[in-house]
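Residue-level listing of the chains:
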Amino acid sequence: MAASAGPEIERLIALLSKLPGLGQRSARRTALALLKKREQLLIPLAEALALAAERVKTCTVCGSLDTTDPCAICADQSRDGALICVVEEVGALWAMERAAAFRGRYHVLGGLLSALDGVGPQALRVGSLVARAADQGVREVILALPATVDGQTTAHYVAERLAGAGVAVTMLARGVPVGGDLDWLDDGTIAQAMRARRPA
Ligand SMILES: [Zn+2]
């Protein structure tokens, strides 16, 4: 990179380029946009970042992020403690909450097993899930993991670890998406939807 900017700006660009989806080029554009909108963007963003760094923590029960520990979902007595939905990351938990179709609790694994990336079981929060599942009140653990090779490998591993916990272990159905036209779907999705068919 041309050393045309000062060290403060270079550092800002270097940090921004580490964000998901931002390469060097987009990091430079982002840095410039921030610096040009000092009052509207740069200062409020700096304050929001500082506040998040100071207040947001990982929930020691489910692994989600919130300003309280236990998080608001774990502390919410109106949610069904008999159901635990297992997700890969907090982003998946947010997606599930946006869908507003689940009123139980969550467990964030913190990743997926991956032989390629060298991620083993010890890197994931499986032990604490097994401990939670063994709790008297838990009836069902729902594995809401990605429909990828790593996602399915992880789902099978977690299901095996839960085998002795005395809970039902279920997985999300796979098939035709809402608003989906069969003509546009890949063969794997159509085959899954056919296998997972149910009475009309
Ligand atoms: Zn929690």
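As shown above, the structure is provided for reference.
Residues numbered from 1 in each chain as written. Predicted model: local features only at pLDDT ≥ 70, side-chain atom pairs only at ≥ 80, totals over all residues. Heavy atoms only, no water.

Some details on the sheet that holds strand E4 (residues 104-108)
Part 1: Spatially, E4-E3-E5-E6 is the arrangement adopted by the 4 strands of the open sheet, whose pairing is parallel. The outermost strands of the open sheet, each flanked by one partner alone, are E4 and strand E6 (168-171). Shown here is a sheet whose adjacent strand axes are inclined to one another by a mean of 25°, direction ignored.
Part 2: Sheet contacts for helix H5 (residues 90-99): strand E3 (80-87) and E4; angle to E4, the most-contacted strand, approximately 160°. (Pairing = 2+ DSSP bridges. Helix = DSSP H or I, 4+ residues; strand = E, 2+ residues; numbered from the N terminus. Axes fitted to C-alpha atoms, helices over the stretch in contact; angles between N-to-C directions. Contact = heavy atoms within 4.5 Å.)

Brief notes about the pattern of salt bridges
Part 1: As enumerated under the stated definition, the model contains 2 salt bridges in all.
Part 2: A salt bridge links Arg 103 to Asp 76, with the nearest nitrogen and oxygen atoms 3.8 Å apart. Residue Arg 103 is found in the loop between H5 and E4, and its partner Asp 76 is found in the loop between helix H4 (72-75) and E3; the two are separated by 27 residues along the sequence.
Part 3: A relative accessible area of 47% places Arg 103 in the partly exposed class.
Part 4: A salt bridge links Arg 79 to Glu 97, with the nearest nitrogen and oxygen atoms 2.9 Å apart. Of this pair, Arg 79 sits in the loop between H4 and E3 while Glu 97 sits in helix H5, placing them 18 residues apart in sequence. (Salt bridge = Lys/Arg side-chain N within 4 Å of Asp/Glu carboxyl O. Buried < 20%, exposed > 50% of the residue type's maximum accessible area, 1.4 Å probe, protein only.)

Points about the coordination of the zinc ion
Part 1: Taken together, Cys 59 (SG), Cys 62 (SG), Cys 71 (SG) and Cys 74 (SG) make up the full set of protein donors to the zinc ion, lying 2.3 Å away.
Part 2: Coordination geometry of the zinc ion: the 4 donor atoms subtend angles of 106 to 115° at the metal centre, consistent with an arrangement described as tetrahedral.
Part 3: One chain supplies every donor to the zinc ion, and in sequence these donors are spaced C-x2-C-x8-C-x2-C. An identical accessibility class is assigned to Cys 71 and Cys 74; each is buried. (Donors = N, O, S within 2.8 Å, 3.2 Å for Na, K, Ca; no water. Tetrahedral: all angles 85-135°; square planar, octahedral: opposite > 155°, others 65-115°.)

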